[in-house]
Amino acid sequence: MGRVALVTGGSRGIGAAISKALKEAGYSVAASYAGNDEAAAKFTEETGIKTYKWNVGDYAASKEGIARVEADLGPIEIVVANAGITRDAPFHKMTPEQWQEVIDTNLTGVFNTIHPVWPGMRERKFGRVVVISSVNGQKGQFGQVNYAATKAGDIGIVRSLAQEGARAGITANAICPGYIATEMVMAVSEKVRESIIAQIPAGRLGEPEEIARCVTFLVSDDAGFINGSTISANGAQFFG
Ligand code: CAA
């Protein structure tokens, strides 16, 4: 079996495409998910990829979930912090709860995912960390003060981790997807979606597999000198 890879939020959307691509590339993949048991069961049935349920916003639950993955598959050498949510609202309507939920999942969730696996990566002198940020963390977005803050935070996380991990053979990079055809993007109104597509020079939404291929490259042994970088995959919507 190949190296063990954990993909959070790995049973749906971009995460599902990442899990599948890593499996195809020969990795031993675990996909975490937060709550949708039905989607996770269907994903496992279709792909043979094991799914594990925990809330990435909860440190103790993350640590315990990661221990379960490692007991089943072995030490995690590759971690893809992908789990994320939106709670969109213009700032004047955004509630403290909408702010906190997004911070807990998208930002603290990244800490909670990487922190438990980091000591093992340091000891073994190898690790690959990929954080799924967003074009909206680079450019900001009307209605996404909370989400954009977390996605900009991801970039700070990988730039700092890259410096701390480099001598231990660990790389940490971010991918900033643009608007990708997933349930999250489909959840915005059709009018908003059309106006978004009009701003994408490629004239279309991206496909989850287009992000998955970036991940497969970044976690490969060949990408060892790419560290602390941000890959934009957005159809030329923004140059971050
Ligand atoms: N720029 C400027 N003004 C805007 C605007 C924009 N982008 N969008 C809306 N407005 C204006 C509206 O025209 C409206 O003005 P008027 O009252 O003068 O007509 C005002 O703001 C209020 O707009 P809404 O009635 O739409 O307000 P709302 O509370 O119903 O909804 C919203 C606001 C939920 C934020 C909605 O605008 C929205 O869904 N926006 C899209 C947010 C978005 O892009 N989310 C991305 C989700 S996918 C994702 O996050 C993945 C990723 O990483 C890319």
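Reading guide: rules and limits
Every chain is numbered on its own, with residues counted from 1 as its sequence reads. Under the rules for a predicted model, residues below a pLDDT of 70 receive no local features and side-chain atom pairs below 80 are neither given nor counted, while totals for whole chains, interfaces and linings still include all residues. Side-chain metrics rest on all non-hydrogen atoms present in the structure, leaving aside hydrogens and water. For helices the rule is a DSSP run of H or I covering at least 4 residues; for strands it is a run of E covering at least 2, with both sets numbered from the N terminus onward. Partly exposed describes any residue whose relative accessible area lies between the buried limit of under 20% and the exposed limit of over 50%, with all areas from a 1.4 Å probe on protein chains only and scaled to the type maximum. Whether two residues are in contact is decided by their heavy atoms, any of which lying within 4.5 Å being enough. Cysteine sulfur pairs qualify as disulfides if the two atoms are within 2.5 Å. We call two N or O atoms a polar contact when they sit within 3.5 Å, provided that within protein one can donate a hydrogen and the other can accept it, with sequence-adjacent residues counted only if both atoms are side-chain atoms. What the arc describes is the spread of directions from the helix axis to the C-beta atoms.

(A) Structural context of the environment of aspartate 154. Tracing the chain through its elements places aspartate 154 in helix H7 (residues 145-165). Among the residues examined, aspartate 154 registers a relative accessible area of 1% and is labelled buried. Linking aspartate 154 and isoleucine 196, residues 42 residues apart in sequence, is a C-alpha distance of 23 Å. Among all residues touching aspartate 154, those that are not within four sequence positions of it are Asn106, Leu107, Val110, Val131, Ile132 and Ser133.

(B) Layout of the state of the cysteines. The full count for this structure, using the stated rule, is zero disulfides. With no disulfide of its own, cysteine 176 lies closest to cysteine 214 among cysteine sulfurs, the gap being 11 Å. Taking the relative accessible area as the measure of exposure, cysteine 176 reaches 0% and is therefore buried.

(C) Quick look at the side chain of threonine 150. Assignment of secondary structure puts threonine 150 in helix H7. You can call threonine 150 buried: its relative accessible area is 0%. In terms of polar contacts, threonine 150 uses its side chain to reach the side chain of asparagine 106, at 3.5 Å. Setting aside residues up to four positions removed in sequence, threonine 150 forms contacts with Val102, Ile103, Asn106 and Leu107.

(D) Inspection of helix H10 (residues 208-218) at higher detail. Within H10, burial applies to Pro208, Ile211, Ala212, Cys214, Val215 and Leu218. In an axial view of H10, the angular spread of the buried residues amounts to 155 degrees, which keeps them on one side of the axis. Elements that come into contact with the buried residues of H10 comprise helix H1 (13-24), strand E4 (76-81), strand E5 (127-132), strand E6 (170-177) and strand E7 (230-233).

In short, the description is geometric, and any link to function would need to be established separately.
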